[in-house]
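As a plain string of letters, each chain reads:
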Amino acid sequence: MRLLELTSNGKLRPTKDFAKVPHSYAILSHTWGRDDEEVTFQDLLNGSGESKAGYTKIRSCGEQAVRDGLQYFWADTCCIDKTNSVELSEAINSMYRWYQNAYVCYVYLSDVDTDQDLDRSRWFKRGWTLQELLAPQHMFFFNREWERMDNRSNLSPTISRITGIPARVIWDTFSGNYSVAQVISWAAGRETTREEDIAYCLLGLLGVNMPLIYGEGSRAFERLQHEFMRTSTDHSLFSWVGPGIERGPFAQSPEEFLHCKDISIGESHSLDFSLTNRGLRIDLPLMRLEDGNFAAVLDVYDQDHRRCAIYLKEQRAGVYRRVRCTEELHKVGPSEM
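Quick notes on the rules
- Residues numbered from 1 in each chain as written.
- Predicted model: local features only at pLDDT ≥ 70, side-chain atom pairs only at ≥ 80, totals over all residues.
- Heavy atoms only, no water.
- Pairing = 2+ DSSP bridges.
- Helix = DSSP H or I, 4+ residues; strand = E, 2+ residues; numbered from the N terminus.
- Buried < 20%, exposed > 50% of the residue type's maximum accessible area, 1.4 Å probe, protein only.
- Contact = heavy atoms within 4.5 Å.
- Salt bridge = Lys/Arg side-chain N within 4 Å of Asp/Glu carboxyl O.

- Looking up the protein in an unreviewed UniProt entry gives the name HET-domain-containing protein, with the organism given as Lojkania enalia.

As structure tokens, then:
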């Protein structure tokens, strides 16, 4: 991990690539301007960064770190050599941990003057800032003039209203004790510059590592679900609702989990499932419906503690296809099981 520090004459200087990350460093969360405005790692090496508009916010972050007694700080624009594909992939797969291990995170809101402006800030609508909101232990917000506003805990009711993320997740450290469907639902409606990044920005929140393949488009989100399956039996992965008469088992985007903000998983471990060359292999209780199709009951519960089921159509003996994908999940009460 490469960090930044301010020299005695107020210049930004990248450190060596630490084999062991220092315990105390600040980390910057912000929204990017145009590519030609942001200071890159190469700019710092050749000394051309000061001429760019983004230099001021990076230096201001460093100055705030110094005021807080910290020698080092990190900013994504200029601490990663994005011309090195190996370093970029390693950085994105490690980024959640970098935010989590920081002593403090500074959120710079370039489009905010006061608390009343928070609703219109781009920061709450970007994909990458989701993990940046939840990973750090300590977080402070700053307005466009780099004036300290408040900390994340005190602002949690407002942030919850803006993002739809429960306030308890915001004021308490995100522990991962939420269903995968809930976590992905928090990314619904967020935007990324590259299509693939809506999947990659969820890696740390879901505890997933995978290679980056820019150019694969929506396939990145399907790969994310495949990788999540390797280490989890969370049935809420299949609780999406989306367009299509008949579909396979996986969602196409976080938007299809938008209704899952209150979906939880059972207290006992769900039955294992796996992906084979013939499709998804999973054992689920089946309920025959009046239209001849089936409701496959997941180990997933809604806020009224009813089991949720998806609709399946039998293709041949033991082989099913998901149908009625646009409909609300079928709900099953305790007396029906």
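**Let's talk about the pairing of strand β7 (residues 148–151)**
Then step 1. Two elements, strand β6 (residues 139–142) and β7, share 2 bridges in a ladder whose sense is antiparallel. The residue of β7 that forms the bridge with Phe 140 is Asn 151.
Then step 2. Between β6 and β7, which pair antiparallel one after the other, the connecting turn spans 5 residues, and Trp 146 there sits at a positive phi close to 60°.

**Observations regarding the environment of Leu 134**
Then step 1. Tracing the sequence through the fold places Leu 134 in helix α5 (residues 129–134).
Then step 2. When its relative accessible area of 2% is taken as the criterion, Leu 134 is described as buried.
Then step 3. Taking C-alpha positions, Leu 134 is 5.7 Å from Phe 174, a pair spaced 40 residues apart along the chain.
Then step 4. In this structure, Leu 134 is in contact with Arg 152, Val 169, Phe 174, Trp 186 and Leu 205, ignoring residues within four places of it in sequence.

**Topic: the pattern of salt bridges**
Then step 1. One pass over the structure, following the stated rule, counts 24 salt bridges.
Then step 2. Here Glu 37 ties to Arg 34 by a salt bridge, and the two come within 3.2 Å at their closest N and O atoms.
Then step 3. On the basis of relative accessibility, which here comes to 23%, the residue Glu 37 falls in the partly exposed class.
Then step 4. Of the charged contacts in the structure, one is a salt bridge between Lys 331 and Asp 302, with a shortest N-O distance of 3.6 Å.

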